[in-house]
Protein chains: 2
Amino acid sequence: MINDYPGVSGRRTIEPPPPEELSPRLNTTPHAPKDADQAERPTRRERARAATIEEIKQTALQLMREHGTTDLRFSDIAREMGMTAPALYRYFSDRDELLTELIVDAYDDLGTTVADAREKLPRDDLSGRFLAVSQAYREWAKREPQQFALIFGLPVPGYVAPEEGPTTEAARRAMWQLKSLFSEAAASGQLRRPLIQDVDDAVAACVMFDEDAGDPSLRPLPEDTFQACMHSWATLHGFVSLETYGHFDFVPPEARDALFTSAVRLAATAAGFPWPTDGALS
Amino acid sequence: MINDYPGVSGRRTIEPPPPEELSPRLNTTPHAPKDADQAERPTRRERARAATIEEIKQTALQLMREHGTTDLRFSDIAREMGMTAPALYRYFSDRDELLTELIVDAYDDLGTTVADAREKLPRDDLSGRFLAVSQAYREWAKREPQQFALIFGLPVPGYVAPEEGPTTEAARRAMWQLKSLFSEAAASGQLRRPLIQDVDDAVAACVMFDEDAGDPSLRPLPEDTFQACMHSWATLHGFVSLETYGHFDFVPPEARDALFTSAVRLAATAAGFPWPTDGALS
DNA sequence: AAGAATAGTTATGCTCCGTAACGCTCGTGA
DNA sequence: TCACGAGCGTTACGGAGCATAACTATTCTT
């Protein structure tokens, strides 16, 4: 009779939890079936957990889309999922952790979207790939303005990014897509010298640091090409950013499309990419 | 005994306010000294009120700077000012109204900062002015990243922009600075044809709409120049935006400076601005 | 000096974040 | 097969912020 129900001790409630360390909470994969065989298939429970996490993230995104902000309320997410808010803390220790994961996901999504677009075209179609990458970037931003804002806006109000955390790395992974476009182009030999060839020593030194090592197609870019790559990124991002945030609203949509194409063409041309003179691309 | 608890009738406190219309609250300038003489000097009270409003805004900005977000709490502002939070509602009907004013102020600040920089150089120094405007834009963003985010980020979480409200207009005013740079250049006759001269009909039509009428130096730009102006804005904004939000952190500061200058030079050159060949500007 | 408009206060309600305590339900292992 | 414990969910609660209501103090006008 001393103990007649699960949990702790007989009803006499609150006995401050003994030194047992606080919570083995998050990100633990406790209780793996046996112990050996690291690469074991995930437990049934683990799969359920992963599915729930995914559902939470999708619900969060859906709510952000609906409300048009990067704000999100645990209570809303929970209600949408038919749960109560505190339950979410089983999966994310707080709002920031969820946000961080969403940001990482956004980078990945952008990265793969752009990569897919790039790889749909033959490797030697430099201008085609340039345009495809740019358009994929733009379309993604138009399709998912909130995710775009997550990545490229100031941190959400209360949010503080984990120092040197996963977001930084995710960012580089996404950027890599653009850089590899230039790497391939440079390697192909079809690339002319860019319009601006003067490169400051500091910028040149910067190229050296930039070792994503390993990948063969990714040896250091020529200095002026690296610079041109950054220019292109700025132009591309600037256009997309202004458009996404509504600062081009005074320009009618078709004109925006044309303007975008011409901006991309300018960036590519200035970077030394060949551009077909017939109207094939614009 | 039928009713003996507060809120309804017992205690008979609350007597729902008689039809007196709700609140003559904000933005009223009630009780002007006499009535005639519209252009009267502001009342002592009016001045005090204006000063308080200004102090609130400055405090808000300061807090945003300190916390590094665009978030702001009425309670913090009030505490900082040695007041209680509800007092602020005498001056702003809610958080959004304060935010809106801050956004408008930010546009104005950016606009005048850029304008000042532009006018420091002689009218015929086209490339100098181009660089000065660009640098002013960049420096402002670096100096006031939160205000930059207010203008160019997605609306702050809970915030919904007033439809077609004051912010839209303020945005145009700031943009005007860049456009007039191109107008003057076009008028001066020193401007070469831009690098990209193909202009889609939709874009061309767009130029026509763009009548800031009145100002003589602002007659419609040549179509391709208008297009180049938009390109320049995109490049400038893209660079500044990426840098401000930390996406260039992997580039050391001096390299960033050089990269910026070269990007501006690219934009200017592509737009047809003359650029000195000696190292004067870069 | 009286009286109204203004500027502040405290008190209160609501919503949301996050934690604490508790219970239900499975899957595992004796 | 059955007990136990991990994991997942719940209700209850405390704290912070927005916003309003009701009240008080001050200040300007007449």
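Residues numbered from 1 in each chain as written. Chains lettered and ligands numbered in written order. Predicted model: local features only at pLDDT ≥ 70, side-chain atom pairs only at ≥ 80, totals over all residues. Heavy atoms only, no water.

A. Layout of the nonpolar core. Within the largest apolar cluster, 157 residues are counted, with the highest numbers of intra-cluster contacts made by Ile77(A), Phe182(A), Ile77(B) and Phe182(B). Ignoring anything within four residues of it in the chain, the contact list for Phe182(A) reads Phe130(A), Leu191(A), Leu221(A), Thr225(A), Ala228(A), Cys229(A), Ser232(A), Ala271(A) and Phe273(A). (Core = buried A, V, L, I, M, F, W, Y, C linked by side-chain atoms within 4.5 Å. Buried < 20%, exposed > 50% of the residue type's maximum accessible area, 1.4 Å probe, protein only. Contact = heavy atoms within 4.5 Å.)

B. Broad picture of the interface of chain B and chain A. Residue-level contacts link 50 residues of chain B with 49 residues of chain A. Buried area between chain B and chain A, both sides added, is near 4400 Å², and the carbon and sulfur share of it is 77%. The residue Asp198(B) makes a salt bridge to Arg265(A) at a minimum N-O spacing of 2.9 Å. Inspection of the chain B/chain A interface yields 11 residue pairs in polar contact (both at pLDDT 80 or more). Of all the elements in the fold, those that place two or more residues in the side of chain B that touches chain A are helix H5 (145-152), helix H7 (201-209), helix H8 (223-244) and helix H9 (253-271) of chain B. Per-element accounting of the side of chain B that touches chain A gives the leading share, 11 residues, to H8(B). (Buried area = accessible area lost by both parts, 1.4 Å probe. Salt bridge = Lys/Arg side-chain N within 4 Å of Asp/Glu carboxyl O. Polar contact = N/O pair within 3.5 Å; in protein donor to acceptor, adjacent residues only side chain to side chain. Helix = DSSP H or I, 4+ residues; strand = E, 2+ residues; numbered from the N terminus.)

C. Main features of the environment of Phe92(A). By the element assignment, Phe92(A) lies in the loop between helix H3 (85-88) and helix H4 (95-119). Phe92(A) sits 39 residues away from Ile53(A) along the chain, and the two C-alpha atoms are 8.6 Å apart.

D. Geometry of a negative patch on the surface. Residues Asp200(A), Asp201(A), Glu223(A) and Glu254(B) make up a contiguous surface patch of negative charge. Secondary-structure assignment places Glu254(B) in helix H9. (Patch = residues over 30% accessible without salt bridge, like charges linked within 9 Å, V, L, I, M, F, W, Y side chains within 5 Å. Areas by Shrake-Rupley, 256 points an atom, 1.4 Å probe, with all protein chains shown as cover. Lys, Arg positive; Asp, Glu negative; His and termini not counted. Charge placed at Lys NZ, Arg CZ, Asp CG, Glu CD.)

E. Quick look at the packing of helix H9 (residues 223-244) of chain A against H9(B). Close contact between H9(A) and H9(B) brings their axes to 10 Å; oriented N to C, the two are set at 70°. When the axes of H9(A) and H9(B) are compared, the pair comes out roughly perpendicular. Two secondary-structure elements touch here, H9(A) through Gln227(A), Met230(A) and His231(A) and H9(B) through Leu259(B), Ser262(B), Ala263(B) and Leu266(B). Classifying every residue of the contact of H9(A) with H9(B) by side-chain character gives 4 nonpolar, 3 polar and no charged. (Axes fitted to C-alpha atoms, helices over the stretch in contact; angles between N-to-C directions. Parallel < 35°, antiparallel > 145°, perpendicular 65-115°, else oblique. Nonpolar A, V, L, I, M, F, W, Y, C, P; charged D, E, K, R; others polar.)

F. Looking closely at the pattern of salt bridges. All names here are of chain A. Within this structure, the stated rule accounts for 33 salt bridges over all chains. Ionic pairing is found between Asp257 and Arg138, a salt bridge with its closest N-O pair at 2.9 Å. Of this pair, Asp257 sits in helix H10 (residues 253-271) while Arg138 sits in helix H5 (residues 126-143), placing them 119 residues apart in sequence. Its relative accessible area of 36% is what places Asp257 among the partly exposed residues.

G. A look at the relation of the copies chain B and chain A. Rotating chain B by 180° and moving it 0.0 Å along the rotation axis overlays it on chain A with an RMSD of 0.1 Å. Here the symmetry operator amounts to a two-fold rotation axis. Measuring from the rotation axis to each C-alpha of chain B, the shortest distance belongs to Gly238(B), at 1.7 Å. By residue overlap, the copies meet face to face through one surface: 98% of the interface positions of chain B are interface positions in chain A. (Least-squares fit on C-alpha atoms with pLDDT ≥ 70 in both.)

H. Geometry of the environment of Ala258(A). For Ala258(A), the position within the fold is in helix H10. For Ala258(A), the residues in contact, after removing those within four places along its chain, are Asp200(B) and Val203(B).

I. Looking closely at the packing of helix H4 (residues 126-143) of chain B against H8(B). Residue and element names in this part refer to chain B. At a closest axis distance of 10 Å, the pairing of H4 and H8 adopts a crossing angle of 30°. As summarised for this structure, H4 and H8 are arranged roughly parallel, according to the angle between their axes. Helix-helix and strand crossings are classified by hand; for H4 and H8 the assignment is right-handed. Only Ser232, Trp233, Leu236, His237, Phe239, Val240, Glu243 and Thr244 of H8 make contact with H4, whose side of the interface consists of Phe130, Ser134, Tyr137, Arg138, Ala141 and Lys142. Among the residues making up the contact of H4 with H8, the classes are represented as 7 nonpolar, 4 polar and 3 charged. (Left-handed = near helix turned anticlockwise from the far one by under 90°.)

J. Summary view of the confidence of the model for chain A. When the pLDDT values of chain A are averaged, the result is 82; 77% of them are 70 or greater. Across residues 1-38 of chain A the pLDDT falls below 50, and counting only partners more than four positions away or on other chains, this stretch makes 20 contacts in the model. (pLDDT = per-residue confidence, 0-100.)

K. Expanded view of empty space enclosed by the protein. All told, the structure shown has 5 cavities of 30 Å³ or more when counted by the stated rule. In this structure, the largest cavity encloses a volume near 130 Å³. For the largest cavity, the lining is made up of 19 residues, of which His231(A), Thr235(A), Ala267(A), Ala270(A) and Leu266(B) are closest to its centre. Elements supplying a minimum of two residues to the lining of the largest cavity: H9 and H10 of chain A together with H8 and H9 of chain B. (1 Å grid on protein atoms, 1.4 Å probe; cavity = no way out; pocket = protein on both sides within 12 Å on 5 of 7 lines; lining within 4 Å. Points joined across faces, edges and corners; volume = space filled by probe spheres on them.)

L. Structural context of the packing of aromatic side chains. For the coordinates displayed, the defined rule picks out 20 aromatic pairs over all chains. Each ring, one from Tyr137(A) and one from Phe152(A), has its centre 6.3 Å from the other, and the planes form 40°; the classification is tilted. Of this pair, Tyr137(A) sits in helix H5 while Phe152(A) sits in helix H6 (residues 145-152); the two residues are 15 residues apart in sequence, bridging distant segments of the chain. Owing to a relative accessible area of 7%, Tyr137(A) belongs among the buried residues under this scheme. Each ring, one from Phe130(B) and one from Phe273(B), has its centre 4.8 Å from the other, and the planes form 70°; the classification is edge-to-face. Of this pair, Phe130(B) sits in helix H4 while Phe273(B) sits in the segment after H9, and the two are 143 residues apart along the sequence. By way of ring pairs, the aromatic residues Tyr137(A), Phe148(A), Phe152(A) and Tyr245(A) are connected into one cluster. The aromatic ring of Phe260(A) is capped on one face by Arg138(A), whose charged end is 4.7 Å from the ring centroid. (Phe/Tyr/Trp six-rings, centres within 6.5 Å; stacked < 30°, edge-to-face > 60°. Lys NZ or Arg CZ within 6 Å of the ring centre and 35° of its normal.)

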